[in-house]
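Single-letter residue listing:
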Amino acid sequence: MLTYDLSTADGPLYVSLAKCIRDDITAGRLHRSEHLPSKRSLARNLGISTITVQNAYDQLVSEGYVTAKERRGYFVADIGVLPNAMPHTSDPIHSLYTSDEDEAVFDFSSDRADTAFFPFSIWARLTREMLTNHKEEMLTVPPSAGVYSLRSAIAEHLSSFRGMKADPAQIIVGAGTEYLYGLLIQLLGRKRIYCIENPGYRKLIEIYQHQGVHCALADIDKDGIRVDALEEADAEVAHICPNHHFPTGITMPVSRRYELLAWVNRIDGRYIIEDDYDSEFRMKGRPLPTLQSIDAAGRVIYMNTFSKSLASTIRISYMVLPVDLASRFAAELSFYSCTVPVLEQYTLAAFIRRGFFERHINRMRRHYARLRDKILLAICEAFPDGECSVIENDSGLHFLLKAHTDVPDDKVQERLLREGIRIQSIGDFCMDGKEHVQHMFLVNYSCMDIQRLPKSLRALGRAIQETGNDSAKDLAWQ
């Protein structure tokens, strides 16, 4: 029977229990396929409620450490062979930083944030405070990596929210992730082979190619990017979205994460770029651990942005560099000027430090959860005979809609555009030049007009019919 001392648990009991079990699995004390105690027996042994045990098991299932088998219980998952990487050591960080398309009437796939919930009053108050009480800082040229106040606030946020250990000197702030990609290419070198997921974020291949680097593609499967595809491409840098892949929504299980860490450790000089673009919006349970947080060798570069969590126009992103790369950045690239205005940096730092950011995220998570439920209900009502089904995993701000039809994806999109409706398919994000007809469409609900949704779903229903309307008449918004 598993026995743990939870009397000194800091935070929710289920989080501490899940950590204890997770540690036993990664340390080899619990073995692959081992049957875990039932919820009732473990709760009785530990003197806690069965709900606490249930929540802990659910969290471990979502992370991939545990599998649930109907009527049999919970079992330790096969997470593969853990990489035996030695902790990375290097010289102290050499730091120069001081302490101080044409728009449709309705778009199923728009990824804009909902501006109605932006905390204008708080943001305005903090901005006035910065201008009034920090005049000297407002006129001081910031270091290339961003003002220390913001980098320190981000480090504290990552520690409490994502379980990551990052020194502010490892954090680089920039005006959008695209700018940071350019810095990374200069830091890692243009002679490497960069590899991205296929299907994936199409803009990435454009960025890398225009930066003059060779960009290869690696196919994905149900667990995310395939390690054998990385080997076939001779990749040296893998750019991935493990926590919520775009556009498929796949969450990479822990077994595949350890495979990737084994791959990156196999040859010196390999790196993984972990894009965690919408990690704040997991609808059930806690956010999944980052790849960076289980990287013992300093090979994972973590990237995130405030564009999803605050507003699309908040062009503030950041990356957490491994110690050796942070030292190189400070020594070789610190001549660049920081691209984010000082006022916005200090305002955001105060917004995070005083708890406003966490409260905003919690508020938006509740809003998006309610909105998601309404959209799922509307889909069920619009397709009672199962013409369309939803593929989701309770993460991020989009899911997939599977259309059970033989009508080609581009034909469905063409019919909808005639009615003023835009939708993107998985095939739109495949970059290998091949035709991909999977009948899976992207539904991004971050800024969806729920009032117009029913009519748009009816138009989708017509578009997927074999005898669909191919004329320009009967527009949805007439």
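Residues numbered from 1 in each chain as written. Predicted model: local features only at pLDDT ≥ 70, side-chain atom pairs only at ≥ 80, totals over all residues. Heavy atoms only, no water.

Caption draft 1: Molecular detail of the overall build of the chain. Each helix and strand in the chain was counted, giving 15 helices and 16 strands. Taken over C-alpha atoms, the radius of gyration comes to 24 Å for the chain, in line with the 23 Å a tight globule of 478 residues would show. For the chain, the spread of C-alpha atoms along the three principal axes comes to 70 × 60 × 50 Å. Sorting the 478 residues of the chain into buried and exposed places 54% on the buried side. Surface exposure of the chain reaches about 22,300 Å², of which carbon and sulfur atoms provide 50%. (Helix = DSSP H or I, 4+ residues; strand = E, 2+ residues; numbered from the N terminus. Rg over C-alpha atoms; globule rule 2.2 N^0.38 Å. Buried < 20%, exposed > 50% of the residue type's maximum accessible area, 1.4 Å probe, protein only. Areas by Shrake-Rupley, 256 points an atom, 1.4 Å probe, with all protein chains shown as cover.)

Caption draft 2: Here's a closer look at the environment of Ala-238. The topology assignment puts Ala-238 in strand β8 (residues 237-240). Exposure remark for Ala-238: the relative accessible area of 0% places this residue in the buried category. Considering only alpha carbons, one finds Ala-238 and Glu-178, 60 residues apart in sequence, at a separation of 16 Å. Excluding residues within four positions of it along the chain, Ala-238 makes contact with Cys-195, Leu-230, Trp-263, Tyr-271, Ile-272 and Ile-273. (Contact = heavy atoms within 4.5 Å.)

Caption draft 3: Quick peek at the nonpolar core. Formed by 67 residues in total, the largest nonpolar core has its most connected members in Phe-108, Leu-150, Ile-154, Phe-306, Leu-310, Tyr-318 and Leu-348. A per-element tally of this core places helix α13 (residues 356-382) first, with 10 residues. Residues within four places of Leu-150 in sequence aside, it is in contact with Val-173, Ile-316, Gln-345, Leu-348, Ala-349 and Ile-352. By size, the runner-up hydrophobic cluster in this structure holds 47 residues, among which are Tyr-4, Leu-6, Ile-25 and Ile-250. (Core = buried A, V, L, I, M, F, W, Y, C linked by side-chain atoms within 4.5 Å.)

Caption draft 4: The arrangement of the confidence of the model for the chain in detail. With 91% of its residues at a pLDDT of at least 70, the chain reaches an overall mean of 89. Below pLDDT 50 for its whole length, residues 97-101 participates in 15 contacts with residues either more than four positions away or in separate chains. Counted against residues more than four places away or in other chains, residues 471-478, with its pLDDT under 50, gives 18 contacts. (pLDDT = per-residue confidence, 0-100.)

Caption draft 5: Representation of a positive patch on the surface. Together, Arg-363, Arg-366, Arg-370 and Lys-374 make up a region of like positive charge exposed at the surface. Checked against the element boundaries, Lys-374 lands in helix α13. (Patch = residues over 30% accessible without salt bridge, like charges linked within 9 Å, V, L, I, M, F, W, Y side chains within 5 Å. Salt bridge = Lys/Arg side-chain N within 4 Å of Asp/Glu carboxyl O. Lys, Arg positive; Asp, Glu negative; His and termini not counted. Charge placed at Lys NZ, Arg CZ, Asp CG, Glu CD.)

Caption draft 6: The environment of Val-227, seen in detail. Along the chain, the position of Val-227 falls in helix α9 (residues 227-232). Residue class for Val-227 comes out buried when judged on its relative accessible area of 11%. As for Val-227 and Glu-129, which are separated by 98 residues in sequence, their C-alpha atoms are 50 Å apart. Beyond its immediate chain neighbours, meaning those up to four positions away, Val-227 contacts Arg-256, Glu-259, Leu-260 and Trp-263.

Caption draft 7: Geometry of the state of the cysteines. Scanning the entire structure with this criterion turns up zero disulfides. Of the cysteine sulfurs around Cys-380, a residue in no disulfide, the closest is that of Cys-388, at 11 Å. Residue classification places Cys-380 among the exposed positions, given a relative accessible area of 54%. (Disulfide = S-S within 2.5 Å.)

Caption draft 8: Up close: the packing of aromatic side chains. Tallied over the full model, the rule gives 18 aromatic pairs. On the numbers, 5.6 Å between centres and 65° between planes, the contact of Trp-123 with Phe-351 is edge-to-face. Of this pair, Trp-123 sits in helix α4 (residues 120-133) while Phe-351 sits in helix α12 (residues 342-353), and the two are 228 residues apart along the sequence. Assigned by exposure class, Trp-123 and Phe-351 land together as buried. Consider the rings of Phe-306 and Phe-357, whose centres lie 5.5 Å apart with planes at 70°: the pair is edge-to-face. Placement of Phe-306 in the loop between β10 (300-305) and β11 (317-320) and of Phe-357 in helix α13 is noted, with a sequence separation of 51 residues between them. (Phe/Tyr/Trp six-rings, centres within 6.5 Å; stacked < 30°, edge-to-face > 60°.)

Caption draft 9: Structural view of the sheet that holds strand β13 (residues 398-403). One open sheet accounts for four strands, arranged β12-β13-β16-β15; its pairing is antiparallel. At either end of the open sheet lies a strand with only one pairing partner, and these are β12 (388-391) and β15 (424-425). Each of β12 and β13 is contacted by α13, which is oriented at about 5° to β13, the strand it contacts most. (Pairing = 2+ DSSP bridges. Axes fitted to C-alpha atoms, helices over the stretch in contact; angles between N-to-C directions.)

Caption draft 10: Spatial organisation of the environment of Ile-21. Relative to the elements of secondary structure, Ile-21 occurs in helix α1 (residues 13-26). For the pair formed by Ile-21 and Leu-36, sequence separation is 15 residues and the distance between their alpha carbons is 9.7 Å.

Caption draft 11: Expanded view of the pattern of salt bridges. For the coordinates displayed, the defined rule picks out 22 salt bridges. Salt-bridge contacts for Arg-256 lead to Glu-259; the nearest nitrogen and oxygen are separated by 3.5 Å. Highlighted residues: Arg-256 and Glu-259, both in helix α10 (residues 254-266), separated by three residues, approximately one helical turn. The class of Arg-256 is buried, set by a relative accessible area of 8%. In this structure, Glu-332 and Arg-328 form a salt bridge, with 3.8 Å as the shortest nitrogen-oxygen distance. Taken together, the residues span about one helical turn, with Glu-332 and Arg-328 both in helix α11 (residues 323-332) at a distance of four residues.

Caption draft 12: How the structure looks around helix α15 (residues 453-463). Residues Leu-453, Ser-456, Leu-457, Ala-459, Leu-460, Gly-461 and Ala-463 constitute the buried set of α15. Lining the buried residues of α15 we find β3 (106-107), α13, β12, β13, α14 (409-418) and β14 (421-422).

Caption draft 13: Broad picture of the side chain of Lys-308. Within the secondary structure, Lys-308 sits in the loop between β10 and β11. Take Lys-308: its relative accessible area is 18%, and that puts it in the buried class. Those residues in contact with Lys-308, other than ones at most four positions away along the chain, are Asp-111, Ala-113, Tyr-277, Asp-278, Phe-281 and Asn-444.

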